[in-house]
Amino acid sequence: MQQEPPPPTRHLRVREDRGHTVLELRGEIDIAAATEIVPALDSATGQPGARVVIDLRSVEFFDCSGLRLLYRARARVLERGGRLHLVCTHPLTLRVFRVTGLSRLLPPQPTVEAALARSEAASGSA
């Protein structure tokens, strides 16, 4: 049974693209936004073999609450045999990823297209 995607919120838009769930985060990702995002994140990452792309290109501020979201998403996807890709171009957010080591676990891609291509290459369908 396929679930309906959650409705968009002020900080999140969810869409499907080539078999992937794309979570487009936007604005300031802080503790209040994270609370709003968690249900959609859990829905997208809770399916066996989920293929998820988290797009941060429209994020203006990203704190430790956002990092927790990404680590949570990664853990949920990996324990269910799925794939998670990250899209980010903001220099300060990329710096946080490098300092925390997240960029080694989830190498950021510059576009959703690049993330999808990476996923297709990893699955052997490219």
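About the thresholds
Residues numbered from 1 in each chain as written. Predicted model: local features only at pLDDT ≥ 70, side-chain atom pairs only at ≥ 80, totals over all residues. Heavy atoms only, no water. Helix = DSSP H or I, 4+ residues; strand = E, 2+ residues; numbered from the N terminus. Buried < 20%, exposed > 50% of the residue type's maximum accessible area, 1.4 Å probe, protein only. Contact = heavy atoms within 4.5 Å. Areas by Shrake-Rupley, 256 points an atom, 1.4 Å probe, with all protein chains shown as cover. Pairing = 2+ DSSP bridges. Axes fitted to C-alpha atoms, helices over the stretch in contact; angles between N-to-C directions. Polar contact = N/O pair within 3.5 Å; in protein donor to acceptor, adjacent residues only side chain to side chain. Salt bridge = Lys/Arg side-chain N within 4 Å of Asp/Glu carboxyl O.

A.B. asks: Any chance you could explain the overall build of the protein here in plain terms?
C.D. replies: When helices and strands are counted, the protein shows 5 helices and 5 strands. Reading the secondary structure of the protein in the N-to-C direction produces β-β-α-β-α-β-α-α-β-α. Looking at the protein as a whole, 41% of its 126 residues qualify as buried. Long-range contacts, defined here as pairs at least 24 residues apart, represent 67% of the contacts in the protein between residues at least 6 apart. Accessible area of the protein: about 6,800 Å², with a carbon and sulfur share of 53%.

A.B. asks: Before we go on, may I ask you to explain the sheet that holds strand β2 (residues 20-29) in this structure?
C.D. replies: Paired through their backbone hydrogen bonds, the strands of a sheet run either parallel or antiparallel. Strand order across the open sheet formed by 5 strands is β1-β2-β3-β4-β5, with mixed pairing between neighbours. Strands at the two margins of the open sheet, each flanked by one partner only, are β1 (12-17) and β5 (108-109). In this sheet, strand β3 (residues 51-62) lies alongside β2 in parallel orientation, the contact comprising 8 bridges. Residue pairing across strands places Gly27 opposite Val59, the latter belonging to β3. In the packing of helix α1 (residues 31-45) onto the sheet, the strands contacted are β1, β2 and β3, and the crossing angle to β2 comes to about 175°. Packing against the sheet, helix α3 (residues 91-100) makes contact with β3, β4 (83-87) and β5, and its axis sits at approximately 120° to β3.

A.B. asks: What should I look at first to understand the environment of Arg51 in this one?
C.D. replies: As for its position among the elements, Arg51 is in strand β3. Sequence-wise, Arg51 and Gly82 are 31 residues apart; in three dimensions their C-alpha atoms are separated by 5.6 Å. When sequence neighbours within four positions are dropped, the list of residues in contact with Arg51 reads Arg18, Gly19, His20, Thr21 and Arg83. Within the local environment of Arg51, its side chain forms a polar contact with the backbone oxygen of Arg18, the two atoms lying 3.2 Å apart.

A.B. asks: In this structure, what is going on with the side chain of Thr93? I would like to understand it.
C.D. replies: In this fold, Thr93 is placed in helix α3. Beyond its immediate stretch of four places on either side in the chain, Thr93 contacts Phe62 and Cys88.

A.B. asks: Just to check I follow, could you spell out the pattern of salt bridges for this structure?
C.D. replies: Where side chains of opposite charge bring their charged atoms close, a pairing between them can arise. Tallying each qualifying case throughout the model produces 9 salt bridges. Between Arg76 and Asp42 there is a salt bridge, with the nearest N and O atoms lying 3.4 Å from each other. Placement of the pair is Arg76 in helix α2 (residues 64-79) and Asp42 in helix α1, with a sequence separation of 34 residues. There is no split in this pair, since Arg76 and Asp42 are both buried. Across the pair Glu79 and Arg80 runs a salt bridge, and its minimum N-O distance is 3.0 Å.

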